[in-house]
Amino acid sequence: MAARPSWRCRVCGAAWPCSPARLALLGEYREDRTALLVYLGLLLGEAMDDLAALHDGVAPPGLTDRIVTWARSRRPDHPGTPDPADR
């Protein structure tokens, strides 16, 4: 979990979710990518509020990519082929 209100990793200090946090989240939610995206969406709202309060009412750009977009499943190379991550 991120240190709040800065949304930095409590372990390494990098912007959360750092690479180890992303791997941990993918492992924890490996059977339910949708639940991971819902969870990250909720955290995005909290991060926007916290970070906007620290930066004169404006959340930093790229926050959605940083917190949510990375977790979307990748599309397979061939249309119609199921993505194993969506199982």
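Quick note: structure is the one above.
Now for a look at the structure at hand.

Criteria and cut-off values
Residues numbered from 1 in each chain as written. Predicted model: local features only at pLDDT ≥ 70, side-chain atom pairs only at ≥ 80, totals over all residues. Heavy atoms only, no water. Helix = DSSP H or I, 4+ residues; strand = E, 2+ residues; numbered from the N terminus. Buried < 20%, exposed > 50% of the residue type's maximum accessible area, 1.4 Å probe, protein only. Contact = heavy atoms within 4.5 Å. Areas by Shrake-Rupley, 256 points an atom, 1.4 Å probe, with all protein chains shown as cover. Salt bridge = Lys/Arg side-chain N within 4 Å of Asp/Glu carboxyl O. Phe/Tyr/Trp six-rings, centres within 6.5 Å; stacked < 30°, edge-to-face > 60°. Core = buried A, V, L, I, M, F, W, Y, C linked by side-chain atoms within 4.5 Å.

**Quick look at the overall build of the chain**
Along the backbone of the chain there are three helices and two strands. Counted from the first residue to the last, the chain has its helices and strands arranged as β-β-α-α-α. Per-residue burial for the chain yields a buried fraction of 29% across its 87 residues. Considering only intrachain contacts with a sequence separation of at least 6, the fraction spanning at least 24 residues in the chain is 51%. Split by element, the accessible area of the chain, about 5800 Å² in all, is 56% carbon and sulfur.

**A look at the pattern of salt bridges**
On inspection of all chains with the given rule, the structure shows two salt bridges. Taking the shortest distance from any N to any O, the salt bridge between Glu46 and Arg4 comes out at 2.7 Å. Taken as a pair, Glu46 in helix H2 (residues 33–54) and Arg4 in the loop between strand S1 (2–3) and strand S2 (8–9) lie far apart in primary sequence, 42 residues in all. We classify Arg4 as partly exposed; its relative accessible area is 43%. Of the charged contacts, one joins Asp50 and Arg4 as a salt bridge, the two residues approaching to 2.7 Å between their closest N and O atoms. You can see Asp50 sitting in helix H2 and its partner Arg4 sitting in the loop between S1 and S2, a full 46 residues away along the chain.

**Observations regarding the packing of aromatic side chains**
For the structure shown, the criterion picks out two aromatic pairs. For the pair Tyr29 and Tyr39, a centre-to-centre distance of 5.9 Å together with 20° between the ring planes defines the contact as stacked. Taken together, the residues span a long stretch of sequence, with Tyr29 in the loop between helix H1 (19–28) and H2 and Tyr39 in helix H2 at a distance of 10 residues.

**Remarks on unusual backbone geometry**
With an omega dihedral of 15°, the bond running from Arg4 to Pro5 counts as a cis peptide bond. Structurally, Pro5 can be placed in the loop between S1 and S2. In this chain, Trp16 is followed by Pro17 through a cis amide linkage whose omega measures 0°. With respect to the helices and strands, the residue Pro17 is situated in the loop between S2 and H1. With a phi close to 55°, Trp7 is a non-glycine residue in the positive phi region.

**Description of the nonpolar core**
One finds Trp7, Trp16, Leu25 and Leu40 to be the most contacted residues of the largest nonpolar core, which totals 19 residues. Apart from residues no more than four positions distant in its own chain, Leu25 is found in contact with Trp16, Pro17, Leu36, Tyr39, Leu40 and Trp70.

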